[in-house]
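# Understanding the architecture of this molecule
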Amino acid sequence: MRRRRFLQGIAAATFQPALSACMRSAREEEQVEDEEPEGIALQLAAGSINRMYGSAFSEMMLNASSRARAMTLTQCASITPEWSLKWDRLAPSANSTDFTAADAIANFARTHGKRMRGHTLLWHQGVPTWAGEQLQNTREWDVVRSYFNAVMPRYGDIVDEWDVVNEAIEIGHRPDGLRHNQFMEAFGPEYIDWAFWTARDAAPQARLYLNEYGLEYFSAEEGARRLNLLRLLERLKSRGVPIDGVGLQAHLDLRKGKVYREGIYGLLRDITNMELGISVTELDVREADSGGSLEARDRAVADEVRRYMDIVLQFPNVGSVTTWGLSDRYSWLRYKDGGRRDNRGLPYDDKWRRKPMRSALEAAFLGQQSTT
Ligand code: XIL
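Every chain's residues receive numbers from 1 upward, in the order its sequence appears when written. It should be noted that, the model being predicted, local features are given only for residues of pLDDT at least 70 and side-chain atom pairs only at 80 or more, the latter also being counted only at that level, while totals for whole chains, interfaces and linings use all residues. Only hydrogens and water are set aside; all other atoms, that is, all heavy atoms of the structure, feed into the side-chain values.

## Considering the packing of aromatic side chains
As a reminder of what qualifies: When two rings of Phe, Tyr or Trp (its six-membered ring) have centres within 6.5 Å they constitute a pair, described as stacked for plane angles under 30 degrees, edge-to-face for angles over 60, and tilted for the intermediate range. Numbering of helices and strands runs from the N terminus; a helix is a DSSP stretch of H or I covering at least four residues, while a strand is a stretch of E covering at least two. Using a 1.4 Å probe on the protein chains alone, a residue whose accessible area is under 20% of its type maximum counts as buried, one over 50% counts as exposed, and one in between counts as partly exposed. Both a distance and an angle decide whether a charge sits over a ring: NZ of Lys or CZ of Arg must be within 6 Å of the ring centre and within 35 degrees of the ring normal.
Taken as a whole, this structure holds 13 aromatic pairs when the rule is applied. Here F57 and F108 contribute two aromatic rings whose centre-to-centre distance is 5.0 Å and whose plane-to-plane angle is 10°, an arrangement assigned as stacked. On the criterion of sequence distance, the pair formed by F57 in strand β1 (residues 52-57) and F108 in helix α7 (residues 100-111) is long-range, its members being 51 residues apart. You'll find F57 and F108 in the same group, each marked buried. Chaining the aromatic ring pairs together yields one cluster made of W87, W130, Y147 and F148. Residue placement shows R154 over the ring face of F99; its charged tip is 4.0 Å from the ring centre. Seen from the ring of Y213, R225 lies directly overhead, with NZ or CZ sitting 4.0 Å from the centre.

And the structure:
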């Protein structure tokens, strides 16, 4: 009964479609057996080349599925809370905070010796309404500072890396390529500098990252996004802003063609030359509406992942690779933007059977040709 109420709470918040499917077949999920033996665990494959493998992890996975918990523990060295560390989740109203879900995920990580990625501090989609209003009305940076001070030290023992600013680039908003968000409105472009300085104060030991999407394909838009990201990084570095690295979300998308090798390589080379770290933070693959067989679709997803991984793993400063979930059952791609509800863009299918994408990741880490 308690679990049911908890799940209904989440459903009311954001997860209606995926959730009801989950509740209907939760028992079925627990019963599924492995069809093939696992290869080497992804965390071990990644560890063999000094990288960390992790996955997004939600309170739904934590509370509703022993399978999700077990697979996460086996495969991952780190977990990224998919929702629970976002500002609107932690501070739903001006006078209240709610760390229940974030603490539960953090304790799961602590108990099992996992690291947790700090995702994410400033994100235009994660600002609680009350904070947005306060920023607009008062333009007081203390609103941001108190939030950083409340959340960063709390998880200081298990979070090594924070996404301090998420999705700061947007084409068509401003000549400098920055997104016009609530922070820009209140403080101007230097909100990014201040965010990093404030984060450094709140968690002096943590690595501080800028996390960005839309950098993988050959198009005018993504080319401009790559360029504007590099320009932003150059400006930050030239002002001595304490930024340690860049998170590449890597939401790949088969509708956009194949990943653009030269563009990605050039981006990573330039980031590397600025002596910044790199993390792949949210890897998954959105399928095209190809209409092909399951095998063909899974192969296309795996091939795209392998192409991407083979580029990024050339860079030793790519310290971690995180997929945005493990099983298609819990993938945001299944309810995002009216996308295909049977999207198969994660390593395991919705019955936790391994897919070619899982083998592609393992093979990329181990530096072998994929054999599936
Ligand atoms: C997404 C979650 O997966 C969804 O469940 C939620 O409704 C919205 O946020 N880029 C990010 C992530 O940085 O935080 C987003 O996560 C996906 C896009």
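## Remarks on unusual backbone geometry
At the junction of H119 and T120, the peptide bond is cis and its omega measures out at 0° in the coordinates. Relative to the elements of secondary structure, T120 occurs in the loop between β3 (115-118) and β4 (122-123). Unusually for a residue other than glycine, E167 sits at a positive phi of about 60°. Tracing the backbone shows E167 in the loop between β5 (159-166) and α10 (182-187). On the accessibility criterion, E167 (9% relative accessible area) is buried. With a phi angle near 60°, E275 is a residue other than glycine that sits in the positive phi range. Summarising the element assignment, E275 is placed in the loop between α13 (261-273) and β9 (277-286).

## Quick look at the side chain of S55
Going by this rule: Here a residue-residue contact requires only that any non-hydrogen atoms of the pair lie within 4.5 Å.
You can see S55 is positioned in strand β1. For S55, a relative accessible area of 0% translates into the label buried. Residue contacts for S55: discarding those within four places in its chain leaves C76, S78, I79, T80, T322, T323, G325 and L326.

## Section: the site of the ligand
For clarity, the cut-off: If even one non-hydrogen atom of a residue comes within 4 Å of a molecule or strand, that residue is called near it. Pairs of N or O atoms are called polar contacts if they sit within 3.5 Å, as long as, within protein, a hydrogen donor faces a hydrogen acceptor (for residues adjacent in sequence, only side-chain-to-side-chain pairs). Residue burial considers only the protein chains on display, and all accessible areas are found by Shrake-Rupley using a 1.4 Å probe. In this classification, the charged set is Asp, Glu, Lys and Arg, the nonpolar set is Ala, Val, Leu, Ile, Met, Phe, Trp, Tyr, Cys and Pro, and all remaining amino acids, among them Gly, are polar.
As a structural note, the neighbourhood of the ligand is formed by 13 residues, with E82, W83, K86, H119 and Y335 the closest of them. Measuring from an oxygen atom of the ligand, one finds a side-chain N or O atom of E82 at 2.5 Å. Note that an oxygen atom of the ligand is positioned 3.2 Å from one of the side-chain N or O atoms of Q249. The fraction of the free accessible surface of the ligand (410 Å²) that becomes covered by protein chains is 88%. Among the residues forming the shell around the ligand, the class breakdown is 5 nonpolar, 4 polar and 4 charged.

## Describing helix α12 (residues 220-238)
As a reminder of what qualifies: Working rule for helices: expected span equals 1.5 Å times residues minus one.
Given a rise of 1.5 Å per residue, 19 residues ought to cover 27 Å, and the 27 Å separating the end C-alpha atoms of α12 matches this to within 8%. Burial in α12 covers these residues: E222, R225, R226, N228, L229, L230, L232, L233 and L236. On its buried side, α12 packs onto α11 (191-202), β6 (207-212), β7 (245-248) and α13. G240 sits one or two residues past α12 and shows a positive phi near 75°.

## Side note on the packing of α12 against α13
Using the following cut-off: Note on method: axes are straight lines fitted to C-alpha atoms, helices fitted across the in-contact stretch only, with angles between N-to-C directions ranging 0 to 180 degrees. Angles are sorted into four bins: roughly parallel if under 35 degrees, roughly antiparallel if over 145, roughly perpendicular if 65 to 115, and oblique for all others.
Running from amino to carboxyl end, α12 crosses α13 at an angle of 0°, the nearest separation of the two axes being 11 Å. Considered as vectors, α12 and α13 are oriented roughly parallel to each other. Residues R226, L229, L230 and L233 of α12 touch α13, and the partners they reach there are G263, L267, D270 and I271. Taken together, the residues of the contact of α12 with α13 break down into 5 nonpolar, 1 polar and 2 charged.

## What to know about the pairing of strand β10 (residues 318-323)
Where we set the bar: The rule for pairing is simple: two strands pair if DSSP sees at least two bridges between them.
Counting buried positions over the 6 residues of β10 gives 5, a clear majority of the element. Here 4 bridges tie β1 to β10, and the two strands are oriented parallel to one another. In the sheet register, Y53 faces β10, and the bridge partner there is V321. Pairing between β9 and β10: 4 bridges, direction parallel. Following the sheet pairing, I278 is matched in β10 by V318.

## Some thoughts on the environment of L326
Relative to the helices and strands, L326 resides in the loop between β10 and α15 (356-366). Owing to a relative accessible area of 1%, L326 belongs among the buried residues under this scheme. A sequence separation of 270 residues divides L326 from A56, and the C-alpha atoms of the two residues are 7.6 Å apart. When neighbours within four sequence positions are excluded, L326 is seen to be in contact with Y53, S55, M71, T72, Q75, C76, L346, P347, Y348 and W352.

## Description of the pairing of β3
In terms of strand pairing, strand β2 (residues 78-81) meets β3 through 2 bridges, oriented parallel. Bridge assignment links I79 to a residue of β3, and that residue is M116. In this structure, β3 lies alongside β5, joined through 2 bridges in parallel fashion. By the bridge assignment for β5, G118 is matched with W162.

## Some points on the packing of helix α9 (residues 142-151) against α11
Spelled out, the test is: Helix crossings get a hand from a simple test, with the near helix turned counterclockwise from the far one by less than a right angle marking a left-handed crossing and a clockwise turn marking a right-handed one.
Contact pair α9 / α11: the axes reach a minimum separation of 9 Å and the direction vectors enclose 35°. By crossing handedness, the relation of α9 to α11 is classed as right-handed. Taking contact as the criterion, the partners of R145, F148 and N149 in α9 are, on α11, A195, T198, A199 and A202. For the contact of α9 with α11, a count of residues per class yields 4 nonpolar, 2 polar and 1 charged.

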